[in-house]
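Fold and geometry: a report
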Amino acid sequence: MTQSAWTRSGAPVDASTFTLIQWEALKKTAQLGDYVMTCCKAPAVLKTSINGLPFFAHLSDECATAPETVWHHAGKAAVLAGLASLGIEGNDEVPGQSPTGEKWEADVLFKASDRTIAIELQRSYQHLRDFTRRQERYAESGVECYWLVRKETFITLAKATSRLLLKRDYGNVFPPGGIGTGMLSELPVAMLDTENSQRVMFGGLKAATVPAWLAGILNRSYQYRGGSWNLD
Ligand SMILES: [Zn+2]
């Protein structure tokens, strides 16, 4: 069950942006192959969950693509579809380099007024120092970077960042107001759920659709507050 797919011509589609009436109408008119799965480019079938959520599914059986790749492709398509819904063209796998010659490749990169923004999708855990190094490389290149990671990765990362945050910003004294999800102000990380309803989650039961999260980056309402990165 996934909410993102590609059209035959390669445009990203987010099923959650359709009303049920639109979705049912599309089901009747869509030809097999009009939509393809982001994971393996196999034809996607339009379905509706028992909870009334539109989604795309493989025509037959399971997907042979590794979970890592499935998550990454679904996430990229979700971000690109979200940007398209805001009238912004994003590109995926965009290479670049910092002024000192350090190379990077953004999962999704887009421009909005005078800002260049990268969205990095990280399913498997990487060490905090790698998050930090990649974030700094983008900063040196004049690129803002925002991370979407799998829930398990977020929880593991939060253990490392909480420890650093408490030591560095609070002198190892746990503040009465808590430290939220224990994230760092210089490292904007949120969770992406690609399996059920395609949502960005911030911890503390807060969540948003992918387009709402992207809009929050653009209008800067996606902010760091008391240890957490989230929307208002
Ligand atoms: Zn597949």
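Here the structure is a predicted model, which is why all the values come from computation and not from measurement.

Turning our eyes to something else, we now look at the domain arrangement of the protein. Here the protein is partitioned into domain 1 (4–65) and domain 2 (85–230). Placing a centre on the C-alpha atoms of domain 1 and another on those of domain 2 gives a separation of 28 Å.

The strand order across the open sheet built from 3 strands is β2-β1-β3, with neighbouring strands paired in antiparallel fashion. Each edge of the sheet is formed by a strand with only one pairing partner; in this case those strands are β2 (12–14) and β3 (35–37). Neighbour to neighbour, the strand axes of the sheet diverge by 45° on average, direction disregarded. Of the pairings in the sheet, the one linking strand β1 (residues 4–7) to β2 comprises 3 bridges and is antiparallel in character. Along β2, the bridge assignment pairs Trp6 with Pro12.

For Leu192, the location among the structural elements is in strand β10 (residues 189–193). In the structure, Leu192 is positioned 145 residues away from Lys47 in sequence and 22 Å away in space, judged by C-alpha atoms. Filtering out sequence-adjacent residues up to four positions away, Leu192 remains in contact with Trp71, Gly75, Leu121, Leu148, Val149, Arg150, Arg199, Val200 and Val210.

A few words on the coordination of the zinc ion. Bound to the zinc ion are the protein donor atoms Cys39 (SG), Cys40 (SG), His58 (NE2) and Cys63 (SG), situated 2.1 to 2.3 Å from the metal. Between the 4 donor atoms coordinating the zinc ion, the angles at the centre fall across 99 to 118°, so the site counts as tetrahedral. Along the chain, the residues donating to the zinc ion are arranged with the sequence spacing C-C-x17-H-x4-C. Pair noted here: Cys39 is in the loop between β3 and β4 (44–48) and His58 is in strand β5 (residues 54–58), with a separation of 19 residues, a long-range link. Of the residues examined, Cys39 reaches a relative accessible area of 9% and is grouped as buried.

Right, let's get into helix α3 (residues 128–140). Its 13 residues give α3 an end-to-end C-alpha distance of 18 Å, which sits within 8% of 18 Å, the value for a rise of 1.5 Å per residue. All buried positions along α3 are accounted for by Leu128, Asp130, Phe131, Gln135, Arg137 and Tyr138. Remark: Gly142 follows α3 within two positions and exhibits a positive phi of approximately 75°.

In terms of nonpolar packing, the biggest core is built from 52 residues, with Ile119, Leu148, Trp213 and Tyr222 touching the most fellow members. Those residues in contact with Leu148, other than ones at most four positions away along the chain, are Trp71, Val79, Ile119, Glu120, Leu121, Gln122, Ala190, Met191, Leu192, Val200 and Trp213. One finds Tyr35, Met37, Cys39 and Phe56 within the second-largest nonpolar core, a separate group that totals 11 residues.

Rules behind the numbers
- Residues numbered from 1 in each chain as written.
- Predicted model: local features only at pLDDT ≥ 70, side-chain atom pairs only at ≥ 80, totals over all residues.
- Heavy atoms only, no water.
- Domains from an automatic or database assignment.
- Pairing = 2+ DSSP bridges.
- Helix = DSSP H or I, 4+ residues; strand = E, 2+ residues; numbered from the N terminus.
- Axes fitted to C-alpha atoms, helices over the stretch in contact; angles between N-to-C directions.
- Contact = heavy atoms within 4.5 Å.
- Donors = N, O, S within 2.8 Å, 3.2 Å for Na, K, Ca; no water.
- Tetrahedral: all angles 85-135°; square planar, octahedral: opposite > 155°, others 65-115°.
- Buried < 20%, exposed > 50% of the residue type's maximum accessible area, 1.4 Å probe, protein only.
- Expected span 1.5 Å × (residues − 1).
- Core = buried A, V, L, I, M, F, W, Y, C linked by side-chain atoms within 4.5 Å.

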